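Residue-level structural notes
Here is what each chain is made of, one letter per residue.
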Amino acid sequence: QVKKLADAILFNEPHNHQLMFEASRLIARLAAKKEQILSITLDLIDKACNLSPSTSEYFTERGHQLMLNNQLLEACDLFHQAVSKNDTDVKALYGIIHCRILEGQLDDAEEQLEFLNEIQAMSAKSAELAYLGCLIDWRKRGDAEGSLAKLNEALTLHITTFKQASG
């Protein structure tokens, strides 16, 4: 059914990169890392990237989907491309850090996370930053207590953001 939807989008809306992006993102989040489905969503987001090569958000999404598919080197490359198109794309920066963590490059990930924390110190802290900090604490130091505290912080920030967005 997902393949039929993707084919219908490509046939009926061949230039609608926004629709391709949104459908791809939604389905990829529901795919539960199933390779067969992710290959379809990756084709859609790849087409969106080709139609609108200056939209960093599309490259960030493609990187995220590659990360879900355990293609970490390619994902990191796409996150870097997204940042080069828009250096304020924090989701791409989160993606780079997350890839570094999954690759086991914890020192590099921790440095980048500290830098990002400094940059975002002026604005509200995000759930993503707390979550990435949790992953580093757990994988690098085995600090269950510190990791759990950051995970709770991430959950609280996520719920707060959701409540603000939904009213």
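Here's what I pulled together on the structure shown here.

About the cut-offs
- Residues numbered from 1 in each chain as written.
- Predicted model: local features only at pLDDT ≥ 70, side-chain atom pairs only at ≥ 80, totals over all residues.
- Heavy atoms only, no water.
- Helix = DSSP H or I, 4+ residues; strand = E, 2+ residues; numbered from the N terminus.
- Expected span 1.5 Å × (residues − 1).
- Buried < 20%, exposed > 50% of the residue type's maximum accessible area, 1.4 Å probe, protein only.
- Core = buried A, V, L, I, M, F, W, Y, C linked by side-chain atoms within 4.5 Å.
- Contact = heavy atoms within 4.5 Å.
- Phe/Tyr/Trp six-rings, centres within 6.5 Å; stacked < 30°, edge-to-face > 60°.
- Lys NZ or Arg CZ within 6 Å of the ring centre and 35° of its normal.
- Disulfide = S-S within 2.5 Å.

An α-helical turn contains 3.6 residues, so a residue and the one three or four places further along point in the same direction. Over its 14 residues, helix H6 (residues 90-103) runs 20 Å from end to end, which matches the ideal 20 Å to within 8%, given 1.5 Å per residue. Buried within H6 we find Ala92, Tyr94, Gly95, Ile96, Ile97, His98, Cys99, Arg100 and Ile101.

Turning our attention to the environment of Asp87. In this fold, Asp87 is placed in the loop between helix H5 (72-85) and H6. For Asp87, a relative accessible area of 61% translates into the label exposed. It is 16 Å that separates the C-alpha atoms of Asp87 and Gly63, two residues lying 24 residues apart in sequence.

Turning next to the nonpolar core. One finds Leu44, Ile45, Tyr58, Met67, Ala75, Phe79 and Cys99 to be the most contacted residues of the largest nonpolar core, which totals 25 residues. If one sorts the elements of this core by residue count, H5 sits on top with 7 residues. Ignoring any residue separated from it by four or fewer positions in sequence, one finds Leu44 in contact with Ala6, Ile9, Leu10, Met20, Ala23 and Ser24.

Across all of its chains, the model carries 1 aromatic pair by this definition. The ring of Phe59 has Lys85 lying over it, and the distance from NZ or CZ to the ring centre is 4.6 Å.

As a further point, take the state of the cysteines. Throughout the structure, instances matching the rule amount to 0 disulfides. Of all cysteine sulfurs, the one in Cys99 lies closest to Cys76, which takes part in no disulfide; the gap is 4.9 Å. By relative accessible area, Cys76 is classed as buried at 4%. Judged by its relative accessible area of 0%, Cys99 is buried.

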